[in-house]
Amino acid sequence: MLSRITQRQLEYFVASGEAGSIIGASERIHVSSPSISAAITHIESELGVQLFVRHHAQGVSLTAIGHQVLKEAKLILDQMNNLYTIASESLNNVRGPLRVGCLDTLAPMLTPELVFGFGRAFPGVRITLVEGNHEQLLKQLRAADIDIALTYDLVPANDVAFKSLAQLPPYVMVGEHHPLATQSAVTIQDLATMPMVLLDMPWSREYFLGLFSEAGVAPNVVMRSSNMEVVRAMVANGVGFGIANVRPKAHLSQDGKRLIRVRLAGVNKPMQLGYATMANTQQSMVVNAFAERCQMFISDQYIPGMAAPSYFDPQVVRVA
């Protein structure tokens, strides 16, 4: 009977069960809703059981037997993926699926050269890219929805192994007409009374606010956003200053206004950029190969898509 159910159909079923809707599964795996619905109907017909209860607006919930079938389907898919690993190891060739998670704020800079460059170097690898905040990436690692995550060392966890590759110290960004735009460096104390635009993402938020608490002052947060590009645009438009760690090569916000980077003086904890995998878990050859690429391409001297550390100084920005 299983020979009449394809791997692709099982993948569609698992995606629907995890997403809780046909539309959600469609957005997640980039397959049309009718194709997913047809696959589910086929599996139900082959097994002779109802796997989902259909709701309005294409929402679905698993039946009792559906939960059992979902668990077994995921095991089958894992075993099928292991076939690629076995073949790769026997041929000493890197091929098979690779699911890479990447922090939202890092993805625009890292993924073109690091992730998709890896796919070009190893055509036998099928890459799936998943973006999210740090909390979401850890959850997906633990659920085995991704194999490796490009992120920061924000939350120590015994079950997650983190390899640090580069330090990203915090810096201040302001609009070109901000009072601090001509300064070569500022301190946290200098910023305490000035309006601040905060990058409001889980754990990143605590990191930025912690810079102020460690200095014994409180920030004057006037605006928040979970989107770095929104923060950059508000800063460029004079709403307030921002603090960031990533260093995009572009010094314009998306609405075309100029951003100035100013060095943050003093002893401030940097972000540790690297990759996370599940601890005490044997990784496949393709994951190990990607981890090696990360170690080759990311260092304190060079990070794909980012400006050099010296780019902090606003005088350097103006000459560039």
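Being a predicted model, the structure only gives us computed values, none of them experimental.

Trainee: Tell me what's going on with the sheet that holds strand E5 (residues 148-152), and back it up with residues and numbers.
Mentor: Taken together, 5 strands build an open sheet; the order of strands is E4-E3-E5-E13-E6 and the sheet is mixed. In the strand order of this sheet, the two ends are held by strand E4 (125-132) and strand E6 (160-168), each with one partner. Adjacent strand axes in the sheet meet at a mean angle of 20 degrees, parallel and antiparallel pairs treated alike. Sheet analysis places E5 next to strand E13 (residues 271-278), joined by 4 bridges and oriented antiparallel. The residue bridging Leu150 from the neighbouring strand is Tyr275, located in E13. Where helix H6 (residues 134-142) meets the sheet, its contacts fall on strand E3 (96-103), E4, E5, E6 and E13, and the angle it forms with E5 comes to roughly 155 degrees.

Trainee: Residues and numbers for the packing of aromatic side chains, please.
Mentor: For any two aromatic rings, the description comes down to two numbers: the centre-to-centre distance and the angle of the planes. Using the criterion set out here, one finds 4 aromatic pairs in the structure. With a centroid separation of 4.8 Å and 45 degrees between ring planes, the pair formed by Phe118 and Phe122 is classed as tilted. Taking relative accessible area as the criterion, Phe118 reaches 0% and is therefore assigned buried. Relative accessible area serves as the criterion here: at 28%, Phe122 is assigned to the partly exposed category. Ring geometry for Phe118 and Phe290: centres 5.3 Å apart, planes at 85 degrees, overall edge-to-face.

Trainee: Describe the pattern of salt bridges, and please don't skip the residues or the numbers.
Mentor: Counted by the stated rule, this structure contains 13 salt bridges. In this structure, the salt-bridge partner of Glu206 is Arg205, at a minimum N-O distance of 3.2 Å. Owing to a relative accessible area of 39%, Glu206 belongs among the partly exposed residues under this scheme. A cluster of three or more residues bridged by salt bridges with shared partners is formed by Glu18, Arg28, Lys74 and Asp145.

Cut-offs applied
Residues numbered from 1 in each chain as written. Predicted model: local features only at pLDDT ≥ 70, side-chain atom pairs only at ≥ 80, totals over all residues. Heavy atoms only, no water. Pairing = 2+ DSSP bridges. Helix = DSSP H or I, 4+ residues; strand = E, 2+ residues; numbered from the N terminus. Axes fitted to C-alpha atoms, helices over the stretch in contact; angles between N-to-C directions. Contact = heavy atoms within 4.5 Å. Phe/Tyr/Trp six-rings, centres within 6.5 Å; stacked < 30°, edge-to-face > 60°. Buried < 20%, exposed > 50% of the residue type's maximum accessible area, 1.4 Å probe, protein only. Salt bridge = Lys/Arg side-chain N within 4 Å of Asp/Glu carboxyl O.

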